[in-house]
Amino acid sequence: MNIVLINHYAGSLHHGMEFRPFYLSREWVRRGHEVTVIAASHSHVRSAQPTCLGTEAREAIEGVHYRWLATPAYSGNGLGRVRNMATFVARLSARAAKIARECRPDAVIASSTYPLDIFPAHAIARRAKARLIFEVHDLWPLSPQVLGGMSKWHPFIATMQVAENLAYRWADAVVSLLPAAKPHMVRHGMAPEKFFHIPNGIAPEDWDAPTAALPAEHQALIENLRRKGRFVVGYLGAHGVANGLDTLLRAATCLPASVCVILVGDGPLKTQLRNEAERQRIQNIYFLPPVPKETVPALLKQFDALVLLWRRCLLYEFGISPNKLFDYMMAGKPIVHAVEAANDPVREAGCGLTVPAESPEALARAVVRLSELSPEERAAMGARGCSYVLERHRYEKLAVDFEYVLQGNLVS
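Each value, and the rule that gives it
- Residues numbered from 1 in each chain as written.
- Predicted model: local features only at pLDDT ≥ 70, side-chain atom pairs only at ≥ 80, totals over all residues.
- Heavy atoms only, no water.
- Phe/Tyr/Trp six-rings, centres within 6.5 Å; stacked < 30°, edge-to-face > 60°.
- Helix = DSSP H or I, 4+ residues; strand = E, 2+ residues; numbered from the N terminus.
- Buried < 20%, exposed > 50% of the residue type's maximum accessible area, 1.4 Å probe, protein only.
- Contact = heavy atoms within 4.5 Å.
- Polar contact = N/O pair within 3.5 Å; in protein donor to acceptor, adjacent residues only side chain to side chain.
- 1 Å grid on protein atoms, 1.4 Å probe; cavity = no way out; pocket = protein on both sides within 12 Å on 5 of 7 lines; lining within 4 Å.
- Points joined across faces, edges and corners; volume = space filled by probe spheres on them.
- Pairing = 2+ DSSP bridges.
- Salt bridge = Lys/Arg side-chain N within 4 Å of Asp/Glu carboxyl O.
- Axes fitted to C-alpha atoms, helices over the stretch in contact; angles between N-to-C directions.
- Left-handed = near helix turned anticlockwise from the far one by under 90°.
- Nonpolar A, V, L, I, M, F, W, Y, C, P; charged D, E, K, R; others polar.

Q: I tried to follow the packing of aromatic side chains on my own but got confused; where do I start?
A: Two numbers describe a pair of aromatic rings. These are the distance of the centres and the angle of the planes. Inspection of every chain in the model, using the stated rule, returns ten aromatic pairs. Between the aromatic rings of Tyr-23 and Tyr-395, the centroid separation amounts to 5.1 Å while the plane-to-plane angle is 20°, which identifies the pairing as stacked. Of this pair, Tyr-23 sits in helix α1 (residues 20–30) while Tyr-395 sits in helix α17 (residues 395–406), placing them 372 residues apart in sequence. In this structure Tyr-23 comes out as buried when scored by relative accessible area, which is 4%. Ring centres of Trp-28 and Phe-402 lie 5.3 Å apart, and the angle between their planes is 85°; this geometry places the pair in the edge-to-face category.

Listed below in structure tokens is the structure:
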């Protein structure tokens, strides 16, 4: 089968996030399919951008064919990002006939977070007489309305709404990372039988491969805290508004001196969080720089427990599928999960404790409770998480499930 996967933000192990398109495509290639990923040359989530000297560049990565369409660089969520989106969709639309002719796809996947790519995807699929799949990561335009406070009458939002509604009607199938999004999609025109839930996943081989040594700064801090007999809780990821780390700071003030928290990562709120910790003289919280992806397994295994926080948000009533949580589970460590959502993998797996979102007191109590368990009890919790994620979230399995959808079958 020939597959064209359109994802504006697609990355790879060489470029950084977004990883899902690469992992699924690699599995499809291993299963004998031909896969072309079409992405923008510039994305704010990548750690490295591809080289694109003209209007398009081509590259093969582990058997996956990439087409990078030239788009302008940008930062933030302003007009620069909108211009980047518009350029990508325009260039893709102009190449629709050529892509259909050269790739001869049997299936076309529109998967760019925002739904505007459904227009060129539909054109390619129609010309190639291919199945059209709409893959939903986040619900747009609902997400910018809820998170950005944008009016539904804003021209940008109105345009996105038209695209979302058409995507649900045009697509032969809709794949959602969000398990409880079906009612929303039906309200916007999707036939119920089109819905398939295929969550995010993990690649176990990333954990089996030799990992890079921890940066000296990280290793020294953890070893120093170990010598002092501290119970070390870790957070790894972005430091932004959606991550709820202000709740973690407040929780740290409720923790005993024997418990400390290390935050590893970067983001727009990191400086503010560090300054607030210094202002309040919080002695048991530490901030470290981000680490490369290949170092993540070794780092996560250094902690006694891990924490993941969410804010209270209307969007989570449709469910969550966080890559970070699955990495935590693979590390085999107990997890404190502060969330209010339609689903909760931590509770389902029995691999930690779930507390209400935005409650520093409940968060602190859960961390203390884990610290009071025996090492054997914590190890058993962590093992349940690892078993859960290996059983349900291996990309090898998810690619097979997705393949059934591409072929017009039901997910087993």
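Q: Explain the environment of Ile-124 to me, please; I cannot follow it from the model alone.
A: With respect to the secondary-structure elements, Ile-124 resides in helix α4 (residues 118–128). Given the relative accessible area of 0%, Ile-124 is considered buried. C-alpha of Ile-124 to C-alpha of Ala-73: the two residues are 51 residues apart in sequence and 26 Å apart in space. Setting aside its immediate chain neighbours within four residues, Ile-124 contacts Ile-6, Leu-92, Ala-96, Ile-99, Ala-100, Pro-105 and Val-108.

Q: Looking at this model, I keep getting lost on the side chain of Lys-194. Mind explaining?
A: Turning to its location among the elements, Lys-194 is positioned in the loop between α7 (182–187) and β8 (195–197). At 3.0 Å, the side chain of Lys-194 and the backbone oxygen of Tyr-168 are in polar contact. The residues touching Lys-194, leaving out its near neighbours within four places in the chain, are Tyr-168, Arg-169, Ala-171, Asp-172, Ala-173 and Val-174.

Q: Before we go on, may I ask you to explain empty space enclosed by the protein in this structure?
A: A probe as big as a water molecule, rolled over the atoms, marks out the empty space that is left. Taken as a whole and judged by the stated rule, the model has one cavity of 30 Å³ or more. In this structure, the largest cavity spans a volume of roughly 50 Å³. Every residue lining the largest cavity is listed: Ser-112, Thr-113, Tyr-114, Pro-115, Phe-134, Glu-135, Val-136, Asp-138, Leu-139, Trp-140, Glu-164 and Tyr-168. Elements that contribute at least two residues to the lining of the largest cavity include exactly β6 (131–136) and α6 (155–170). Considering each element in turn, the lining of the largest cavity owes the most residues, three residues, to β6.

Q: Just checking my understanding: could you explain the environment of Val-368 for this structure?
A: Relative to the helices and strands, Val-368 is located in helix α15 (residues 360–372). Each C-alpha atom of the pair Val-368 and Leu-255 lies 7.1 Å from the other, and the pair is 113 residues apart in sequence. Beyond its immediate chain neighbours, meaning those up to four positions away, Val-368 contacts Leu-255 and Pro-256.

Q: Mind showing me how you'd approach the pairing of strand β3 (residues 56–61) here?
A: Remember that side chains alternate between the two faces of the sheet whenever the strand is regular. Relative to strand β4 (residues 64–69), β3 is paired through six bridges, and the arrangement is antiparallel. For Ala-60, the partnering residue across the bridge sits in β4 and is His-65. Connecting β3 to the next strand, β4, in antiparallel fashion are two residues, including Glu-62 with a positive phi near 50°.

Q: For this particular structure, what's the right way to read the pattern of salt bridges?
A: Note on pairing: side chains with opposite charge can pair once their charged atoms come close. One pass over the full model with this rule turns up 21 salt bridges. Residue Glu-56 is joined to Arg-95 by a salt bridge in which the shortest nitrogen-to-oxygen separation is 2.8 Å. Taken as a pair, Glu-56 in strand β3 and Arg-95 in the loop between α2 (79–94) and α3 (96–103) lie far apart in primary sequence, 39 residues in all. Like Arg-95, Glu-56 is buried. As a salt-bridge pair, Asp-206 and Lys-293 come within 3.9 Å of each other at their nearest N and O atoms. A residue pair is termed long-range when its members are at least 10 positions apart, and Asp-206 in helix α8 (residues 204–208) and Lys-293 in the loop between β11 (285–288) and α12 (296–300) qualify at 87 residues.

Q: Got a minute to help me understand the packing of helix α10 (residues 245–252) against α15 in this structure?
A: Helix-helix packing is described using two parameters, namely the angle between the two axes and the distance between the axes. Taken N-terminus to C-terminus, the directions of α10 and α15 make an angle of 65°; their axes are 8 Å apart at the nearest point. Handedness of the α10/α15 crossing: right-handed. Packed against α10, whose contacting residues are Thr-247, Leu-248, Arg-250 and Ala-251, the element α15 presents Pro-360, Leu-363 and Ala-364 at the interface. Looking at side-chain class alone, the contact of α10 with α15 contains five nonpolar, one polar and one charged residues.

Q: Would you take a moment to explain the sheet that holds β4 for this structure?
A: Strands in a sheet are paired, the pairing made by backbone hydrogen bonds, and the direction either parallel or antiparallel. The strand order across the open sheet formed by eight strands is β3-β4-β2-β1-β5-β6-β7-β8, and the pairing between neighbours is mixed. Because the sheet does not close on itself, it has two edges, and the strands there are β3 and β8. When strand polarity is set aside, the average angle formed by the axes of neighbouring strands in this sheet is 20°. Pairing analysis gives five bridges linking strand β1 (residues 2–6) to strand β2 (residues 34–40), with the strands arranged parallel. Bridging from a neighbouring strand, Ile-6 pairs with Ile-38 of β2.

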